[in-house]
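# Examining the three-dimensional arrangement
Residue-level listing of the chains:
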Amino acid sequence: MAPTSKPTSEKQREPSCGSPGEGFCFSSPLGYINVTACADGLHSIGLEGNISDENFSPNENVDVQLMGKDELKNEPKVIRDCLQWFQLYFKNPKLVSDITRPDICCFKESNLGFRPRVWKTLADTVGPGEVITYGALAARLDNPGAVRAVGSAMRYNPNGIIVPCHRVVRSNGMGLYHGGQRQVVKLWLLKHEGIDKFS
Ligand SMILES: [Zn+2]
């Protein structure tokens, strides 16, 4: 019989619930934010287009709106939660601490794998305006030796901004964002939260 399972690296990027999810788009100061979600929560959050350090042009006057939808009340709860979360986040990031975080699908499994555990610990314990080093996050997971694995979990974080991988920094500097291609985005997010020093 031919093997049917995919290589692990590919498998980890699939939503564990098996649903492909539905796509939504929000306007934001950073550009369009594309989101996919199933009824259980978010699968992915991504900035639209090939944003890079060279072409990033944020516009703080852009309001967060759900694009192409007239009746917000007909949209899934997670998308309404997301809209509120992004609206508050871009207005004043500290405000999101007071509201419920939009559900994240892969956090709902009963037995979380390593990466979802890293993402959840980060999202649960490192709030707006705080940073944590890769090493300190590994220690917080009771796994102080897992610094590289934590770094890799950050690189594969499918739900950026809400799972705040931009708040994970090196002990001697800012650390990479989006494989090092979106350093200005990380800088923008951290500055927006009031941080301009990283060590
Ligand atoms: Zn799902």
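Residues numbered from 1 in each chain as written. Predicted model: local features only at pLDDT ≥ 70, side-chain atom pairs only at ≥ 80, totals over all residues. Heavy atoms only, no water.

Once that is clear, we can look at the overall build of the chain. Secondary structure summary: the chain contains six helices and five strands in total. Helices and strands in the chain line up, N terminus first, as α-β-β-β-α-α-β-α-α-β-α. Taken over C-alpha atoms, the radius of gyration comes to 17 Å for the chain, in line with the 16 Å a tight globule of 199 residues would show. Taken along its principal axes, the extent of the C-alpha atoms in the chain is 50 × 45 × 35 Å. Across the 199 residues in the chain, those meeting the buried criterion constitute 44%. At a minimum sequence separation of 6, the contacts of the chain that also span at least 24 residues come to 60%. Of the roughly 10,900 Å² of accessible surface on the chain, 46% is carried by carbon and sulfur atoms. (Helix = DSSP H or I, 4+ residues; strand = E, 2+ residues; numbered from the N terminus. Rg over C-alpha atoms; globule rule 2.2 N^0.38 Å. Buried < 20%, exposed > 50% of the residue type's maximum accessible area, 1.4 Å probe, protein only. Contact = heavy atoms within 4.5 Å. Areas by Shrake-Rupley, 256 points an atom, 1.4 Å probe, with all protein chains shown as cover.)

This brings us to the sheet that holds strand β3 (residues 41–47). Taken together, three strands build an open sheet; the order of strands is β1-β2-β3 and the sheet is antiparallel. Since the sheet does not close on itself, it has two edges, and those belong to β1 (22–26) and β3, each with one partner. Strand after strand, the sheet turns through a mean of 25° between neighbouring axes, direction not considered. In this sheet, strand β2 (residues 33–38) lies alongside β1 in antiparallel orientation, the contact comprising five bridges. By the bridge assignment, Phe26 is partnered in β2 with Ile33. Along the sheet, helix α2 (residues 77–91) contacts β1, β2 and β3; its crossing angle with β2, the most-contacted strand, is approximately 150°. (Pairing = 2+ DSSP bridges. Axes fitted to C-alpha atoms, helices over the stretch in contact; angles between N-to-C directions.)

It is worth spelling out the domain arrangement of the chain at this point. The domains assigned to the chain are domain 1 (19–98) and domain 2 (110–192). A straight line from the C-alpha centre of domain 1 to that of domain 2 covers 20 Å. Each side of the interface is counted separately: domain 1 has 25 residues, and domain 2 has 18 residues. Both sides of the domain 1 and domain 2 interface together cover about 1,800 Å² of buried area, and 65% of this is carbon and sulfur. Here domain 1 and domain 2 share zero salt bridges between them. Here domain 1 is connected to domain 2 by nine residue pairs in polar contact (both at pLDDT 80 or more). (Domains from an automatic or database assignment. Buried area = accessible area lost by both parts, 1.4 Å probe. Salt bridge = Lys/Arg side-chain N within 4 Å of Asp/Glu carboxyl O. Polar contact = N/O pair within 3.5 Å; in protein donor to acceptor, adjacent residues only side chain to side chain.)

Before going further, it helps to examine the coordination of the zinc ion. Surrounding the zinc ion are the protein donor atoms Cys17 (SG), Cys38 (SG), His43 (NE2) and Cys105 (SG), at 2.1 to 2.3 Å. Motif for the zinc ion, donor spacing along one chain: C-x20-C-x4-H-x61-C. (Donors = N, O, S within 2.8 Å, 3.2 Å for Na, K, Ca; no water.)

Attention now moves to helix α5 (residues 147–155). Turning to α5, its buried residues number three or more, namely Val150, Gly151, Ser152, Ala153 and Met154. Elements that come into contact with the buried residues of α5 comprise α3 (114–125), α4 (134–140) and β5 (168–169).

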